[in-house]
Amino acid sequence: MSSHPVVSTPLLDTAQPDTPELHTVLIANRGEIAMRILRTVHALGLAAIAVHTDEDSGAAHVAAADSAVRISSYLDGEEIIAAALATGARAIHPGYGFLSERADFARACEQAGLVFVGPSAAAIEIMGDKISARAAVTARGVPVVPGLAAPGLDDAALLAGAAEIGFPLLVKPAAGGGGKGMHRVETPAELPAALAAARREAAGAFGDDTLFLERWITAPKHIEVQVLADTHGTVIHLGERECSLQRRHQKVIEEAPSPSLTPDQRAQFGRVAVEAACAVDYVGAGTVEFIVDGTAPDAPFFLEMNTRLQVEHAVTEAITGIDLVAEQLRIAAGQPLSLTQEDVRLEGHAIEARLYAEDPVAGFLPTGGTVLALALPEGARVDHALAVGATISSSYDPMLAKVITHAPTRADALAALDRALEQTHLLGVVTNTAFLRALLALDEVKSGDMDTGLIERRLDELTPRAVSARALAVAALVRWEQVARSRPRGLWHAPSGWRLGAPAPFVVRFAAADGVGGADGAGGVGSGGAADGTGADHGAVPADDGLVVVALTGLPEQAQATVGEQQFALALHAGAVTVDGIRLPLLHHGTDSSVWIGLPGEDRELSLHRPVRGAAGRDAAPTLASPMPGTVTMVLVADGDHVDAGDPVLVVEAMKMEHTLSAPSSGTVHLQVSAGDRVARGEEVAQVVPGEEGPEAEGRESDGPEFERPGTEGPHHVDQEARP
């Protein structure tokens, strides 16, 4: 794990009267947040207990803990409490997500004699329901977005009240968060359908279809304030965080302090946040979220309160020097806060980027896979639980890591974060790293003129650029070196291209389902060849079937590469490559089906092309490949059915995102999976054979895998849990 800022927090004093002895803490979570909590637990001299499912038995948090207990699910509160009691733990830290905002779990911990590291069950219940939360904070004079919010409002009441609020407006579920069930309504005629959809989505996601209405805020900014409250009546704030860079209500980049607030506005936000916390007698670390009209920054509206540690807590730690997890544990132990409001000092600027296992080119579908090679930046804080060989599953949230930089000025912090992301390489899993760097480069981000709609407005500009000719040349060189190492030593086996006359080039063919300008993704630009090795291709030009051909001469240690009309002088070294005289760091990994390369600012998966030939030399039948790892939830046709181009064939679900795969052409469908099957990203799930009649038609053989982009419909958002 990369370096972290040193924070000064007194050790827990469990010798005080009437305070629980938190000698052992069970961490009811996984991944990077489990590792983050574990680090502070150990720093305070306490023992850490991990829990894990079978899928996570080899995970980093399991290895780092003092002991670990197997559970069937991170959502099974009874199992987790039983694990705590069995191991002698005195407290349970829920992290974020999973059970962290479940009032029934907090209450069950208390009933079992365990300390829940968080607020009371009553505070969680009130703040967990947006209608009751609005009522509670309004009673303390905290402003809320104008709207109509009361328990049990039916459609008739909502329709009647909408005219008074005015259009456009937002339909919002009272329970849950993350944007699920929210609908912007432009006109009165659209409202009945929006209410029906919102109720259906809220019932499915949260088990509660209660709705309310809010006025639509123009150019909204999302600003939140970190609060701390102990059991002795002290409530303080640690400044604000700017969280306006969001996609589908999912935060992407956060920073502290906000570049849009003046010192007076900052103090105002802090005072209002403290009042909101006091409205529910809050205890612990929490975050009060506000929405702000970009044209009226002096008028913050309460949005909600997150009754737990936030994903983005690290930026607050960076500018204050306060370990928020340590403060949580002090509060849970019944001790007073280690500081007062006057002690809080904001130093410099911190920015965090969330690294996700998702493919921006494929509509941000989740990816997953096995970590084949890993490089993390120096000089930045990286919260993660990654390791070479780790499997990134589609069973959990796709966030892999958080990269945080801290500098004296915002400009310096932005530049440092861009450098850190350039140095971040995770081969084996397609991530959003290039998207994050493109986002940081926007003029609006550099100037701090951001709102929650910025990403959607500029999304086309943020899609990762086409794979470069340089990357194609380097990938081909890596493939050549891989082939050379796999062959016996000796003149007759070396792929040197030696022959009488001019040397034959080593030819690598890149599968170009996305074209030469394709990007990372299942079925994306590939490298390798059906016959990679010496051949008669003397140039590197796109082949008739859309492939890109790269020709190399010389040896991997000193080669010339031709990509189309471009030529490169290459030399491969340990951990580096020289391209036209410039030495660059290089991370790479090759398999039988693909080559992964990590150049500065450019990670690429390049799939080895394997042509598929019919039994009688016929052209390959169109195939369907899963665009993401997941589970086949529905098969919509029978094996051997006739389908027309565009007909839905099956549905794959991952991380509560559904994706319908449709027939790429007309013909007879041959299924290779069934409902309930788990599939990998890029795995072939069906084949559509033109001109066949019935399921007994002649099969096809393949020389190896060929990833083709299937004809698919867009993703359907079901219930992807937000990470606020």
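Everything that follows concerns the structure shown earlier in this document.
Residues numbered from 1 in each chain as written. Predicted model: local features only at pLDDT ≥ 70, side-chain atom pairs only at ≥ 80, totals over all residues. Heavy atoms only, no water.

(A) Layout of the overall build of the chain. Counting its regular elements, the chain contains 17 helices and 44 strands. In the chain, which comprises 724 residues, the share counted as buried stands at 55%. Put simply, 66% of the contacts in the chain that link residues at least 6 apart link residues at least 24 apart. (Helix = DSSP H or I, 4+ residues; strand = E, 2+ residues; numbered from the N terminus. Buried < 20%, exposed > 50% of the residue type's maximum accessible area, 1.4 Å probe, protein only. Contact = heavy atoms within 4.5 Å.)

(B) Quick look at the side chain of Glu 289. Within the secondary structure layout, Glu 289 lies in strand E13 (residues 284-293). A relative accessible area of 1% places Glu 289 in the buried class. Among the polar contacts made by the side chain of Glu 289, one reaches the side chain of Asn 306 at a distance of 2.5 Å. (Polar contact = N/O pair within 3.5 Å; in protein donor to acceptor, adjacent residues only side chain to side chain.)

(C) Spotlight on the sheet that holds strand E37 (residues 642-643). Sheet architecture is open: four strands sit in the order E35-E42-E40-E37, paired in antiparallel fashion. Each having just a single partner strand, strand E35 (623-625) and E37 make up the two edges of the open sheet. (Pairing = 2+ DSSP bridges.)

(D) Representation of the pairing of strand E10 (residues 220-229) in the model. A large share of E10 lies buried, amounting to ten of its ten residues. Alternating positions in E10 separate into two faces, Pro 220, His 222, Glu 224, Gln 226 and Leu 228 on one and Lys 221, Ile 223, Val 225, Val 227 and Ala 229 on the other, with burial throughout. As paired strands, E10 and E13 are joined by ten bridges and run antiparallel to one another. Residue Glu 224 lies in a different strand from E13, and its bridge partner there is Glu 289. Count of turn residues in the E10/strand E11 (residues 235-247) antiparallel hairpin: five residues, of which Gly 233 carries a positive phi of about 90°.

(E) Structural context of the packing of helix H12 (residues 410-422) against helix H13 (residues 433-440). In contact at an axis separation of 10 Å, H12 and H13 are set at 160° when each is read in the N-to-C sense. It follows from the interaxial angle that H12 and H13 lie roughly antiparallel. Crossing of H12 over H13 shows left-handed handedness. Facing H12, whose interface residues are Leu 414, Leu 417, Asp 418, Leu 421 and Glu 422, H13 presents Thr 433, Leu 436, Arg 437 and Leu 440. (Axes fitted to C-alpha atoms, helices over the stretch in contact; angles between N-to-C directions. Parallel < 35°, antiparallel > 145°, perpendicular 65-115°, else oblique. Left-handed = near helix turned anticlockwise from the far one by under 90°.)

(F) Broad picture of the nonpolar core. The biggest cluster of nonpolar side chains holds 36 residues, and the ones touching the most others in it are Val 41, Leu 228, Ile 236, Leu 238 and Leu 329. Put simply, the parts of the chain that give this core at least two residues each are strand E1 (24-27), helix H1 (31-43), strand E2 (47-52), E11 and helix H11 (324-332). No other element matches the six residues that H11 contributes to this core. Membership of the second largest hydrophobic core comes to 34 residues, among which are Leu 386, Leu 439, Leu 442 and Val 445. (Core = buried A, V, L, I, M, F, W, Y, C linked by side-chain atoms within 4.5 Å.)

(G) Main features of helix H7 (residues 155-165). Where H7 is concerned, the buried positions are Leu 158, Gly 161, Ala 162 and Ile 165. Viewed end-on, H7 has its buried residues packed into an arc of 125°, placing them on one side of the element. Residues of H7 that are exposed and point more than 90 degrees away from the buried face comprise Ala 156, Ala 160, Ala 163 and Glu 164. As for H7, its buried residues are in contact with strand E6 (147-148), strand E7 (169-173), helix H8 (191-206) and strand E9 (211-215). Backbone geometry just downstream of H7 places Gly 166 in the positive-phi region, at approximately 95°. (Arc of directions from axis to C-beta.)

(H) Highlighting the packing of aromatic side chains. According to the stated counting rule, one finds seven aromatic pairs in the structure shown. Note on Phe 269 and Phe 290: the rings are 5.4 Å apart at their centroids and 75° apart in plane angle, and the pair reads as edge-to-face. Of this pair, Phe 269 sits in helix H9 (residues 263-278) while Phe 290 sits in strand E13, and the two are 21 residues apart along the sequence. Take Phe 269 and Phe 290: they sit in the same class, and that class is buried. With centroids separated by 5.1 Å and ring planes inclined at 80°, the aromatic side chains of Phe 364 and Phe 435 adopt a geometry described as edge-to-face. On the criterion of sequence distance, the pair formed by Phe 364 in the loop between strand E16 (358-359) and strand E17 (365-366) and Phe 435 in helix H13 is long-range, its members being 71 residues apart. (Phe/Tyr/Trp six-rings, centres within 6.5 Å; stacked < 30°, edge-to-face > 60°.)

(I) Molecular detail of H9. Counted at 1.5 Å a residue, the expected span for H9 with its 16 residues is 22 Å, and the 23 Å between its end C-alpha atoms agrees. Of the positions making up H9, those classed as buried are Gln 265, Arg 266, Phe 269, Gly 270, Val 272, Ala 273, Val 274, Ala 276 and Ala 277. Buried residues belonging to H9 abut helix H5 (121-128), helix H6 (130-138), E10, E11, E13 and strand E14 (301-306). (Expected span 1.5 Å × (residues − 1).)

(J) Geometry of the pattern of salt bridges. Throughout the structure, instances matching the rule amount to 35 salt bridges. Asp 56 is the salt-bridge partner of Arg 30, the closest N and O atoms lying 2.6 Å from each other. Note that Arg 30 is positioned in the loop between E1 and H1 and Asp 56 in the loop between E2 and helix H2 (60-64), a separation of 26 residues in sequence. Taking relative accessible area as the criterion, Asp 56 reaches 6% and is therefore assigned buried. With a closest N to O distance of 2.4 Å, Glu 444 and Arg 458 form a salt bridge. Placement of Glu 444 in helix H14 (residues 443-447) and of Arg 458 in the loop between helix H15 (454-457) and helix H16 (459-462) is noted, with a sequence separation of 14 residues between them. (Salt bridge = Lys/Arg side-chain N within 4 Å of Asp/Glu carboxyl O.)

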